[in-house]
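# Working through the structure, step by step
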Amino acid sequence: MPEGDTVWLAAKRMNTALAGATLRRGEFRLSQLAALDLAGATVREVVPRGKHMLIRLADERTLRTHYRMDGSWHIYRPGTTWRGGPAYDVRVVLATDEWECVGYRLHDVEIVPTADEDRLVGHLGPDVLGPDWDLAEALRRLRSHPDEQIGVAILDQRNLAGPGNLYKVESLFLCGVHPWARVADVDGKLEPLVTRARTLMLANRDHPEQSTTGNLRRGQDHWVYGRKGKPCRRCGSPILMGEQGPELQARVTYWCPRCQATDSPVDPLARTGEPGRPRPLATPG
């Protein structure tokens, strides 16, 4: 799933292309919105909210889209061949005289009065990349669920909006926090952890590359993410991988067993089909 910085950069580019312009084409290729035509509407601004993109119109309506795992917006000059996928994957087309914005495989496409945006995104926690970022509120929300696994809590967009699996994994490693540790057990590291995630996202938001090491070379750009079985860049221990999170929502998680040691009674190499119990996963190698 795209991280918040990916959505932030996409919204910035969409805003450059659309803000202040009148749509000559505004079509939806979704059954529930197929009859809606936005041609003639003027775009006021395009802003991100966590992993959601909000396209606000001058007539006080807002179009919300979400990437989920496979969605994307592509921007083309008129007459340019669209290259984001097959035509049947196109969900939304917003075109002006100068630009064509094409949404592929978008999810949660909905249009509401701008005054009602909270109905769509009001449940989200403070936006890590937003102008109204509130560290204290994010920490309060995290601490309100002391028994939650920290790796799950960081991904919960109701606590803080924006971080995805990459920044969760990398921030936990850099702060020496085990993904399966309880929030209550790492309270003293919560602020550095959240601050680290935000720092990494701020460093990457203006370009598509997502480096957490400071090195943009492929294979050198991450500490533990995607490095199962490879030596830890700090201690040399093989990086472990496991699934974390509720059934059907589990995310692949990477960590160093030495740099992120824990006394947690939960064995992170295992999850079971029973709620809260483990099932074996492949060991590193």
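Residues numbered from 1 in each chain as written. Predicted model: local features only at pLDDT ≥ 70, side-chain atom pairs only at ≥ 80, totals over all residues. Heavy atoms only, no water.

This paragraph deals with the sheet that holds strand 7 (residues 100-104). Strand order in the open sheet formed by 4 strands is 1-6-7-5, and the pairing between neighbours is antiparallel. Both edges of this open sheet fall to strand 1 (25-28) and strand 5 (72-76), since each of them pairs with a single strand only. Pairwise comparison of adjacent strand axes, ignoring direction, gives a mean angle of 15° for this sheet. Where strand 6 (residues 90-95) meets strand 7, 5 bridges bridge the pair, whose relative direction is antiparallel. Looking at the pairing, Val90 lines up with Tyr104 of strand 7. (Pairing = 2+ DSSP bridges. Helix = DSSP H or I, 4+ residues; strand = E, 2+ residues; numbered from the N terminus. Axes fitted to C-alpha atoms, helices over the stretch in contact; angles between N-to-C directions.)

This part covers the sheet that holds strand 4 (residues 61-66). Taken together, 4 strands build an open sheet; the order of strands is 2-3-4-8 and the sheet is antiparallel. Since the sheet does not close on itself, it has two edges, and those belong to strand 2 (43-49) and strand 8 (107-113), each with one partner. Ignoring which end each strand starts from, the neighbouring axes of this sheet average 15° apart. Note: strand 3 (residues 52-57) against strand 4, 5 bridges, orientation antiparallel. The residue bridging Leu54 from the neighbouring strand is Arg64, located in strand 4. Sheet strands in contact with helix 1 (residues 4-18) are strand 2 and strand 3, and its direction is about 175° off that of strand 2. (Contact = heavy atoms within 4.5 Å.)

Let us now look at the side chain of Thr212. In this structure, Thr212 sits in the loop between helix 6 (187-204) and strand 9 (240-244). Contacts of Thr212, omitting those with residues within four sequence positions, involve Tyr167, Glu170, Leu200, Asp221, His222 and Trp223.

Quick look at the UniProt feature "domain: FPG-type" (unreviewed entry) in the protein chain now. Per the UniProt entry, the sites bearing "domain: FPG-type" (unreviewed entry) are residues 223-261 in this numbering. Within the segment residues 223-261, helix and strand shares are 0% and 26% respectively, and the terminal C-alpha atoms sit 16 Å apart. (UniProt positions renumbered as here; feature names shortened; annotations may be inferred.)

Pairing of side chains with opposite charge becomes possible as their charged atoms draw close. Evaluation of the coordinates by the stated rule reveals 18 salt bridges. Linking Asp89 and Arg105 is a salt bridge whose minimum nitrogen-to-oxygen distance equals 3.2 Å. Residue Asp89 is found in the loop between strand 5 and strand 6, and its partner Arg105 is found in the loop between strand 7 and strand 8; the two are separated by 16 residues along the sequence. Grouping residues by exposure puts Asp89 and Arg105 together as buried. A salt bridge links Glu137 to Arg140; its shortest N-O distance comes to 2.8 Å. Taken together, the positions of Glu137 and Arg140, both in helix 3 (residues 135-143) and 3 residues apart, correspond to about one turn of that helix. Note on Arg140: relative accessible area 48%, which makes it partly exposed. Within this structure, Arg44, Glu45, Arg56 and Glu117 form a network of salt bridges that share partners. (Salt bridge = Lys/Arg side-chain N within 4 Å of Asp/Glu carboxyl O. Buried < 20%, exposed > 50% of the residue type's maximum accessible area, 1.4 Å probe, protein only.)

This brings us to the domain arrangement of the protein chain. On domain assignment, one finds that the protein chain holds domain 1 (4-122) and domain 2 (135-255). Once you take the C-alpha centre of each, domain 1 and domain 2 turn out to be 29 Å apart. Opposite the 10 residues of domain 1 that make contact, domain 2 presents 13 residues. Both faces considered, domain 1 and domain 2 share a buried interface measuring about 860 Å² in area, 52% of it formed by carbon and sulfur atoms. A per-residue breakdown of the area domain 1 buries against domain 2 is headed by Asp5, Trp8 and Lys51, which together make up 55% of the total. In this structure, Asp206 and Lys12 form a salt bridge, with 3.3 Å as the shortest nitrogen-oxygen distance. For the interface between domain 1 and domain 2, the tally reads 5 residue pairs in polar contact (both at pLDDT 80 or more). Tallying contributions element by element places helix 1 first for the side of domain 1 that touches domain 2, with 7 residues. Broken down by class, the residue content of the side of domain 1 that touches domain 2 amounts to 2 nonpolar, 3 polar and 5 charged. (Domains from an automatic or database assignment. Buried area = accessible area lost by both parts, 1.4 Å probe. Polar contact = N/O pair within 3.5 Å; in protein donor to acceptor, adjacent residues only side chain to side chain. Nonpolar A, V, L, I, M, F, W, Y, C, P; charged D, E, K, R; others polar.)

In this structure, Leu142, Ile150 and Leu160 are the most contacted members of the largest nonpolar core, which totals 33 residues. Put simply, the parts of the chain that give this core at least two residues each are helix 3, helix 4 (150-155), helix 5 (165-174) and helix 6. Sorting elements by how many residues they give to this core places helix 5 first, with 6 residues. In contact with Leu142, other than residues within four places in its own chain, are Ala153, Ile154, Asn159, Leu160, Val183, Leu190 and Val194. Within the second largest apolar cluster, 26 residues are counted, among which are Ala11, Leu30, Val46 and Leu57. (Core = buried A, V, L, I, M, F, W, Y, C linked by side-chain atoms within 4.5 Å.)

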